[in-house]
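Structural features, examined
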Amino acid sequence: MAALVTSVVPLTGLRIDTLPVAAASGGDDCATGQGVLLLVSNQDASPHDVTLVTPQTVDGDLEVADRTITVPAGATVVIPVTDRYRNPSTGRCSITYPGGVTGLSVGVIRV
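In this report, we go over the structure that sits alongside the text. (Residues numbered from 1 in each chain as written. Predicted model: local features only at pLDDT ≥ 70, side-chain atom pairs only at ≥ 80, totals over all residues. Heavy atoms only, no water.)

Remarks on the overall build of the protein chain
Applied cut-off: For helices the rule is a DSSP run of H or I covering at least 4 residues; for strands it is a run of E covering at least 2, with both sets numbered from the N terminus onward. The reference for a compact globule is 2.2 Å times residues^0.38; the radius of gyration itself is calculated from the C-alpha atoms. Throughout this description, buried means an accessible area under 20% of the type-specific maximum (1.4 Å probe, protein chains only), exposed means over 50%, and partly exposed covers the range between. Contacts are residue-level and defined by heavy atoms, with any inter-residue pair within 4.5 Å sufficient. Areas reported as accessible are Shrake-Rupley estimates using a 1.4 Å probe. Residue values count occlusion only from the protein chains shown. Neither His nor the chain ends is counted toward charge; the positive residues are Lys and Arg and the negative residues Asp and Glu. Charge coordinates come from a single atom per side chain, which is NZ of Lys, CZ of Arg, CG of Asp or CD of Glu.
In terms of helices and strands, the protein chain carries zero helices and 12 strands. Seen in sequence order, the protein chain has helices and strands lined up from the N terminus as β-β-β-β-β-β-β-β-β-β-β-β. A compact globule built from 111 residues should have a C-alpha radius of gyration of about 13 Å, and the protein chain, at 14 Å, falls within 12% of that. A burial count over the protein chain gives 37% of its 111 residues as buried. Looking at the protein chain alone, contacts between residues at least 24 apart form 79% of all its contacts between residues at least 6 apart. Accessible area for the protein chain stands at about 6100 Å²; split by element, carbon and sulfur atoms hold 53% of it. Each charge class in the protein chain was averaged separately, 6 positive and 10 negative side chains, and the resulting centres sit 10 Å apart.

What about the pattern of salt bridges?
Selection rule: Here a salt bridge means any side-chain nitrogen of Lys or Arg lying within 4 Å of a carboxyl oxygen belonging to Asp or Glu.
A full pass over the atoms with the stated rule returns two salt bridges. A salt bridge links Arg 15 to Asp 17; its shortest N-O distance comes to 2.7 Å. The class of Arg 15 is exposed, set by a relative accessible area of 57%. Across the salt bridge formed by Arg 92 and Asp 29, the nearest N and O atoms sit 2.9 Å from each other. Here Asp 29 lies in strand 4 (residues 28-30) and Arg 92 lies in the loop between strand 10 (76-80) and strand 11 (93-96), a separation of 63 residues in the sequence. A residue is classified by how much of its surface remains accessible, and Asp 29, at 13% relative accessible area, is buried.

A look at the sheet that holds strand 11
Test applied: Think of it this way: DSSP has to see at least two bridges between two strands before they count as a pair.
Spatially, the five strands line up as an open sheet ordered 1-4-11-6-9, and their pairing is mixed. The two strands at the open ends of the sheet, each matched to only one other strand, are strand 1 (2-3) and strand 9 (67-71). Where strand 1 meets strand 4, two bridges bridge the pair, whose relative direction is parallel. The partner of Ala 3 across the bridge, within strand 4, is Asp 29.

Description of the state of the cysteines
Counted only if it meets this: When two cysteine sulfur atoms are found within 2.5 Å, that pair is recorded as a disulfide.
Scanning all chains against the criterion turns up zero disulfides. There is no disulfide at Cys 30, and the cysteine sulfur nearest it, in Cys 93, is 4.7 Å away. On the basis of relative accessible area, Cys 30 is assigned to the buried category, the value being 0%.

What to know about the nonpolar core
Selection rule: Buried residues of nine kinds, namely Ala, Val, Leu, Ile, Met, Phe, Trp, Tyr and Cys, make up a nonpolar core once their side-chain atoms join them within 4.5 Å.
Leu 38, Val 40, Val 50, Ile 79, Ile 95 and Tyr 97 are the most contacted members of the largest nonpolar core, which has 21 residues in total. Counting only elements with at least two residues in this core, the list comes to strand 5 (36-42), strand 6 (48-52), strand 9, strand 10, strand 11 and strand 12 (104-110). In this structure Val 40 touches Val 50, Val 71, Ala 75, Thr 76, Val 77, Ile 79, Leu 104, Ser 105 and Val 106, once residues within four positions along its chain are discounted.

Have a look at this one:
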């Protein structure tokens, strides 16, 4: 699992096309919080799923379902990474790619 670095967007702007790195086959993790966005670019010819693991429970034992987002072929998607996805033991969000990582690149920004 790779720890993705968060780039803070300054008032003068930020070039985001240089930020993405190849998605790790074992998954990645990133910071969470207000204004944190996960950028996912899919340069593959088929769609890929990206899953944000939700470690929360309700009423002590009911698990909150993970969030899965489908990234279409050739598309770039921006996903908010709120504190809902914060793992209490690591302080970060775990990201998995159930369909594989071929053609996927990811980056994290905070606005």
